[in-house]
Amino acid sequence: MSDAAAVPGGALDAPIPQPFPAHCLAVDGLVLERGERLLFNGLTFSLEAGELLQVAGRNGAGKTSLLRVLCGLTRPMEGEMTWNGVPVRRLDDGPGGHLAYLGHHNALKDELSAEENIQSQCRLHGCPQAPEVVFSMLEELGLGGHADLPVKLLSQGQKRRVALARLLLLRRPLWILDEPFAALDVQVIEVLRQALEAHLAARGMIILTTHQAVPVRGTQRTLTLGTGA
Ligand SMILES: Nc1ncnc2c1ncn2[C@@H]1O[C@H](COP(=O)(O)OP(=O)(O)OP(=O)(O)O)[C@@H](O)[C@H]1O
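Residues numbered from 1 in each chain as written. Predicted model: local features only at pLDDT ≥ 70, side-chain atom pairs only at ≥ 80, totals over all residues.

Undergrad: Describe in detail the domain arrangement of the protein chain, supporting the description with residues and values.
TA: Interface size is commonly expressed as the accessible surface area that is lost when the partners come together. Domain annotation for the protein chain reports domain 1 (21–98 + 176–229) and domain 2 (109–171). Each of domain 1 and domain 2 has a C-alpha centre, and the two are 24 Å apart. With ten residues of domain 1 at the interface, the matching set in domain 2 holds eleven residues. Residue composition of the side of domain 1 that touches domain 2, by class: seven nonpolar, two polar and one charged. (Domains from an automatic or database assignment. Contact = placed C-beta atoms within 7 Å. Nonpolar A, V, L, I, M, F, W, Y, C, P; charged D, E, K, R; others polar.)

Undergrad: Which residues make up unusual backbone geometry, and what values go with them?
TA: The residue Asn 84 is not glycine, and still its phi comes out positive at about 55°. Judged by the 12 C-beta atoms lying within 10 Å of it, Asn 84 falls in the exposed class. The residue Ala 107 is not glycine, and still its phi comes out positive at about 55°. For Ala 107, the location among the structural elements is in the loop between β6 (99–102) and α2 (114–124). (Buried ≥ 20, exposed ≤ 12 C-beta atoms within 10 Å, placed from the backbone. Helix = DSSP H or I, 4+ residues; strand = E, 2+ residues; numbered from the N terminus.)

Undergrad: Let's hear about the environment of Ile 118: which residues, and what values?
TA: Along the chain, Ile 118 falls in helix α2. The exposure class of Ile 118 is buried, given the 28 C-beta atoms found within 10 Å. Not counting residues within four places of it along the chain, the set of residues in contact with Ile 118 comprises Val 134, Val 162, Ala 165, Arg 166 and Leu 169.

Undergrad: So, the site of the ligand: which residues are in play, and what are the values?
TA: Surveying the vicinity of the ligand reveals the residues Arg 34, Gly 35, Arg 37, Leu 39, Gly 57, Asn 59, Gly 60, Ala 61, Gly 62, Lys 63, Thr 64 and Ser 65. Contributions of two or more residues to the shell around the ligand are made by β2 (37–48) and α1 (63–70). Considering each element in turn, the shell around the ligand owes the most residues, three residues, to α1. In terms of residue class, the shell around the ligand is built from two nonpolar, seven polar and three charged. (Near = placed C-beta within 6 Å.)

Undergrad: How would you summarise the sheet that holds β6 if you had to cite specific residues and measurements?
TA: Ordered by their spatial adjacency, five strands build an open sheet running β6-β7-β8-β3-β9, and the pairing between neighbours is parallel. Of all strands in the sheet, those with a lone pairing partner are β6 and β9 (219–224), marking the two edges. Averaged over neighbouring strand pairs, the angle between their axes works out to 15° when direction is ignored. Of the pairings in the sheet, the one linking strand β3 (residues 51–56) to β9 comprises six bridges and is parallel in character. Looking at the pairing, Leu 53 lines up with Arg 221 of β9. (Pairing = 2+ DSSP bridges. Axes fitted to C-alpha atoms, helices over the stretch in contact; angles between N-to-C directions.)

Undergrad: Describe the packing of helix α3 (residues 131–140) against helix α4 (residues 156–170), listing the residues and the values that go with them.
TA: Taken N-terminus to C-terminus, the directions of α3 and α4 make an angle of 130°; their axes are 10 Å apart at the nearest point. The angle between α3 and α4 falls in the class oblique. In this structure, α3 meets α4 at a crossing whose hand is right-handed. Counted together, Val 134, Met 137 and Leu 138 of α3 and Ala 165, Leu 168 and Leu 169 of α4 form the full contact between these two elements. For the contact of α3 with α4, a count of residues per class yields six nonpolar, no polar and no charged. (Parallel < 35°, antiparallel > 145°, perpendicular 65-115°, else oblique. Left-handed = near helix turned anticlockwise from the far one by under 90°.)

Structure follows, in structure tokens:
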């Protein structure tokens, strides 16, 4: 099935979501070694409500590794993170947490449909959604006719769209996204671009890696790894 299947209007018509409270994240003095390579040493940055941080750097510079540290999937040798001034070991993505993470893998269960994948994850994260809300989001992302199929039957780009629909419905203030534009056709790139802008406008925060410029209005900063940071 063509990944260029229609996205109605090619745009997400959803209004800007209810604003989040003004959170802030501070990262101080992170040190990480991988396979005997020092990827970063004393890495320090902060992020305020409504800001986007693009993590840049050449292949192998440590971008994915940094996102994994932020999500608590990899433990740094040294360093501290605070969320609203309170030290945290990891940015919680469990029920009641503040984080939604979209990595290289979509983390979908192959045997479940798009709708079931999203419903189960939303319930697990403590924000159950009405079926019509899920279907409407899938429709926005051009998956209206595919909501009931096991996701193993979807193309790579369609699976990525399901993962994006889940991200948009999880309602978390901090999005951590690893190469979110990869495997998307131009129409869904536009949907994602608008979703990122709406998230920032609602005082959400975004940390993402991408090898392209981020075509999003709003406060953006760049953190380039592999420069002795
Ligand atoms: N589990 C691991 N064990 C050993 N080395 C690892 C591990 N995971 C990553 N690395 C190494 O850490 C370095 C940084 O990898 P990482 O995936 O963070 O880079 P990246 O900047 O995201 O790269 P790309 O742009 O290619 O996605 C690489 O040299 C990689 O081989």
